[in-house]
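Chain by chain, the residues run as shown.
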Amino acid sequence: MRTFHTYIKACGVAYEGHVGSVGRMHPSCVHTPASLGKKDNSHDHSSRTFNGFSTTDLMLRSLDEGLLYIRRQISGLSDSEVLLREMILPAQSGGKDRVGAHPTSRRKFFFESLSSITDGKHKSFPLFGYGQESPMRIHLRVKSKRVTETLSPVPLLSQASFRSVCLTLGLNEDVDRRVTEASINEILNLMLETRSKEDRLIDLFSELNLQRKQTQLLPDNKKQPLPGFFKILKNRFHKSVLPRTRPVVPV
């Protein structure tokens, strides 16, 4: 299962453009040197990672990658709809039942264009599939609550009418107009679902961004280090339990 990790020690996953801590993209197991500059004076010291980015920063990067993935899916669906509508145009003007009288080269163009769209990938992860592929996961922490968002390939290849269009074009035959129109409706429904997912990720991005700004505005709480407190308790315990040395009395 592909995962956008939120664990800092994550090494990556087995595909090109591996996902590191909180979805940060980098080659697998690449050594990242620590910053040698001045210490970060940000108030969010507890959530700073070894590379100077806070956990919230890395979660925002993960969401940004997720939004890019979703938007590429929407773009592919939109291009598929345009191609299918272009196939219908001659049939609508001629009033025929078939997307009619396309020459072999034109049918081949539509088939190769649709195949190119459905074979599209984002960082080696498919944009479209059959609905059985393992999803990517974005692990977040919003307002101290764990949130997991799943990003799956759009199940375009499992749609009956769309599959019929592709198979018919692959056999170099004309596609029935009603099948093409039904395929367009399938694409529109998938696009609505994908846009809903995009809106969800945008809301999470805005919420995390606001959370980061509020954290940066908090006053710096200068508290006594906890190890020093335990050290004082330890000294008092030793004084009260261990026997005291008596002074040497001269004979």
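Keep in mind that this is a model prediction, so the values were computed, not measured.

Caption draft 1: A look at the overall build of the protein. Counting its secondary structure elements, the protein contains five helices and four strands. Starting at the N terminus and walking to the C terminus, you meet the elements of the protein as α-α-β-β-β-β-α-α-α. By the burial criterion, 37% of the 251 residues in the protein qualify as buried. If you take every contact in the protein between residues at least 6 apart in sequence, the share linking residues at least 24 apart comes to 70%. Total accessible area computed for the protein in this model is approximately 16,100 Å², and 54% of it derives from carbon and sulfur atoms.

Caption draft 2: The pairing of strand β3 (residues 136–142), seen in detail. Side chains Met136, Ile138, Leu140 and Val142 project from β3 onto a buried face, and the interleaved Arg137, His139 and Arg141 project onto a face without burial. In the sheet, β3 pairs with strand β4 (residues 145–151) via seven bridges, with the strands oriented antiparallel. Opposite His139, over in β4, you have Thr148 as the bridge partner.

Caption draft 3: Structural detail: the side chain of Glu198. Within the secondary structure, Glu198 sits in helix α4 (residues 177–217). Of note is the side chain of Glu198, whose polar atom sits 2.8 Å from the side chain of Arg71. If we skip the residues at most four places from it in the chain, Glu198 touches Leu67, Ile70, Arg71 and Ile74.

Caption draft 4: Spatial organisation of the packing of aromatic side chains. Going through the model one piece at a time under the given rule, you end up with two aromatic pairs. For the pair Tyr69 and Phe125, a centre-to-centre distance of 5.6 Å together with 50° between the ring planes defines the contact as tilted. Placement of Tyr69 in helix α1 (residues 55–94) and of Phe125 in strand β2 (residues 125–126) is noted, with a sequence separation of 56 residues between them. Residue classification places Tyr69 among the buried positions, given a relative accessible area of 0%. Relative accessible area serves as the criterion here: at 2%, Phe125 is assigned to the buried category.

Caption draft 5: Structural view of the nonpolar core. Leu77, Leu84, Leu114, Leu140, Leu156 and Phe162 are the most contacted members of the largest nonpolar core, which has 39 residues in total. Counting residues per element, the ones that place at least two in this core are α1, α2 (104–118), β3, β4, α3 (160–170) and α4. At 12 residues, the largest contribution of residues to this core is made by α1.

Caption draft 6: Inspection of the packing of α3 against α4 at higher detail. One way to put it is that α3 packs onto α4 with a least axis distance of 7 Å and a crossing angle of 130°. By the angle between their directions, the pair α3 and α4 is classed as oblique. For α3 against α4, the interelement crossing comes out left-handed. Along its contact with α3, which presents Ala160, Ser161, Phe162, Ser164 and Val165, the element α4 presents Val179, Thr180, Ala182, Ser183, Glu186 and Ile187. Looking at the contact of α3 with α4 residue by residue, the class counts come to six nonpolar, four polar and one charged.

Caption draft 7: The arrangement of α4 in detail. Compared with the 60 Å implied by 1.5 Å per residue over 41 residues, the 60 Å span of α4 between its first and last C-alpha is a close match. At the N-terminal boundary of α4, the capping side chain belongs to Asp176, with an oxygen 2.9 Å from the backbone nitrogen of Arg178.

Caption draft 8: Highlighting the confidence of the model for the protein. Within the protein, residue pLDDT values average 77, and 63% of them lie at 70 or more. A low-confidence stretch, residues 5–46 (pLDDT under 50), is modelled with 74 contacts involving residues beyond four sequence positions or located in other chains. Across residues 91–97 the pLDDT falls below 50, and counting only partners more than four positions away or on other chains, this stretch makes nine contacts in the model.

Caption draft 9: How the structure looks around the packing of α2 against α3. At their nearest, the axes of α2 and α3 sit 9 Å apart, and the two run at 135° to each other. Taken together, the axis directions place α2 and α3 in an arrangement best described as oblique. Read as a crossing pair, α2 and α3 show a hand that is left-handed. Of α3, the residues touching α2 (which contributes Arg107, Phe110, Phe111, Leu114 and Thr118) are Phe162, Val165, Cys166, Leu169 and Gly170. Of the residues assigned to the contact of α2 with α3, the class counts are seven nonpolar, two polar and one charged.

Caption draft 10: Here's a closer look at the pattern of salt bridges. Here the structure, examined in full by the defined rule, presents 10 salt bridges. The partner of Arg212 in a salt bridge is Asp57, with the nearest N and O atoms 2.7 Å apart. In this pair, Arg212 sits in helix α4 while Asp57 sits in helix α1, placing the two residues 155 residues apart along the sequence. Residue Arg107 is joined to Asp174 by a salt bridge in which the shortest nitrogen-to-oxygen separation is 2.8 Å. One end of the pair, Arg107, is in helix α2; the other, Asp174, is in the loop between α3 and α4, with 67 residues separating them in the sequence. The class for Asp174 is partly exposed, based on a relative accessible area of 22%. Here the salt bridges share partners, and the residues they tie into one network are Arg71, Arg195 and Glu198.

The rules behind these values
- Chains are numbered independently. Their residues run from 1 in the order of the written sequence.
- In keeping with the model being predicted, local features are shown solely for residues with a pLDDT of at least 70 and side-chain atom pairs are shown and tallied solely at 80 or more, while totals for entire chains, interfaces and linings include all residues.
- Computation of side-chain values covers all heavy atoms of the structure but excludes hydrogens and water.
- Comment: elements are numbered from the N terminus, with helices defined as DSSP H or I runs of at least four residues and strands as E runs of at least two.
- Under the scheme applied here, a residue whose accessible area is under 20% of the maximum for its type counts as buried, over 50% as exposed, and between as partly exposed, the area being computed with a 1.4 Å probe on protein chains only.
- The contact definition used throughout considers only heavy atoms, calling two residues in contact when any of these lie within 4.5 Å.
- Accessible areas in this description were obtained via Shrake-Rupley with a 1.4 Å probe; residue shielding takes into account the shown protein chains only.
- When DSSP locates at least two bridges between a pair of strands, those strands are taken to pair.
- Two N or O atoms form a polar contact when they lie within 3.5 Å of each other; inside protein one atom must be a possible hydrogen donor and the other a possible acceptor, and for residues adjacent in sequence the pair counts only when both atoms belong to side chains.
- Whether two aromatic rings pair depends on their centres lying within 6.5 Å, for rings of Phe, Tyr and Trp, where Trp uses its six-membered ring; planes under 30 degrees apart make the pair stacked, over 60 edge-to-face, and the rest tilted.
- In these notes, a set of buried Ala, Val, Leu, Ile, Met, Phe, Trp, Tyr and Cys residues joined through side-chain atoms within 4.5 Å is what counts as a nonpolar core.
- To define axes, lines are fitted to C-alpha atoms, for helices over the stretch in contact only, and angles between the resulting N-to-C directions are given on a 0 to 180 degree scale.
- Here is the rule for angles: anything less than 35 degrees is roughly parallel, anything more than 145 is roughly antiparallel, 65 through 115 is roughly perpendicular, and the remaining ranges are oblique.
- Left-handed describes a crossing in which the near helix is turned anticlockwise from the far one by less than a right angle; the clockwise case is right-handed.
- Amino acids are sorted into nonpolar (Ala, Val, Leu, Ile, Met, Phe, Trp, Tyr, Cys and Pro), charged (Asp, Glu, Lys and Arg) and polar (every other residue, Gly among them).
- Multiplying one less than the number of residues by 1.5 Å gives the expected span of a helix.
- Predictor confidence is given residue by residue as pLDDT, running from a minimum of 0 to a maximum of 100.
- Should a side-chain nitrogen of Lys or Arg be within 4 Å of a carboxyl oxygen of Asp or Glu, the pair is scored as a salt bridge.

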